[in-house]
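Structural characterization, general
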Amino acid sequence: MKVKLPVVVKNEIVDKKHVFETEEKEFDVDMSLACQMRWEAKFPELAKNETVIDYATRTSKIKSQNAAVILSKLKFLYCLFDTEMSFIGFVKMFDFANEKYVKNLLDRIEEIFRLVLDSSSEKN
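Residues numbered from 1 in each chain as written. Predicted model: local features only at pLDDT ≥ 70, side-chain atom pairs only at ≥ 80, totals over all residues. Heavy atoms only, no water.

1. Points about the pattern of salt bridges
Using the criterion set out here, one finds 9 salt bridges in the structure. Note that Glu24 is salt-bridged to Arg108, the shortest N-O span being 2.6 Å. Within this pair, whereas Glu24 is found in strand E2 (residues 17-28), its partner Arg108 is found in helix H6 (residues 99-123), the two being separated by 84 residues in sequence. A salt bridge links Asp30 to Arg38, with the shortest nitrogen-to-oxygen separation between them at 3.1 Å. Taken individually, Asp30 and Arg38 each receive the classification buried, so the pair is uniform in this respect. Counted as one network, the salt bridges with shared partners bring together Asp30, Arg38 and Asp82. (Salt bridge = Lys/Arg side-chain N within 4 Å of Asp/Glu carboxyl O. Helix = DSSP H or I, 4+ residues; strand = E, 2+ residues; numbered from the N terminus. Buried < 20%, exposed > 50% of the residue type's maximum accessible area, 1.4 Å probe, protein only.)

Below, the structure written as structure tokens:
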């Protein structure tokens, strides 16, 4: 399955004007056991306490839009996407200063969480 997220491609000041541009980036969703393996490798302290799906289920219920919650949700997405990018590199694709952009990003993240968590609950 493929999903798209809005990523920031330009965020700078040009001629005293703020230039902010985004584009849609497509990611391959990998819900295989490799997702759990990435979770354990990239976030070992969190993986000691819960599986990646348990973590996603718990964080999906948190409706706050503060940076800590968003980062938590991005950790799940990072493990869900098969990418060679570091977590810091992944997070740098997103911007949290533009309110309209953040709303769009959070809506997309919620959609992905619903798709994945609904799919995983159907398997059980």
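2. Thoughts on the packing of helix H1 (residues 33-42) against helix H4 (residues 67-80)
The contact between H1 and H4 brings their axes to 8 Å, and the two run at 125°. Taken together, the axes of H1 and H4 are oblique relative to one another. Judged by the twist between their axes, the crossing of H1 over H4 is right-handed. Together, Cys35, Arg38, Trp39 and Lys42 of H1 and Tyr78, Cys79 and Leu80 of H4 make up the contact between the two elements. A per-class count over the contact of H1 with H4 returns 5 nonpolar, no polar and 2 charged. (Axes fitted to C-alpha atoms, helices over the stretch in contact; angles between N-to-C directions. Parallel < 35°, antiparallel > 145°, perpendicular 65-115°, else oblique. Left-handed = near helix turned anticlockwise from the far one by under 90°. Contact = heavy atoms within 4.5 Å. Nonpolar A, V, L, I, M, F, W, Y, C, P; charged D, E, K, R; others polar.)

3. Some thoughts on the side chain of Thr59
Mapped onto the elements of the fold, Thr59 is located in helix H3 (residues 52-60). Residue class for Thr59 comes out buried when judged on its relative accessible area of 2%. The contact partners of Thr59, leaving out residues within four places of it in the chain, are Ser72, Lys73 and Phe113.

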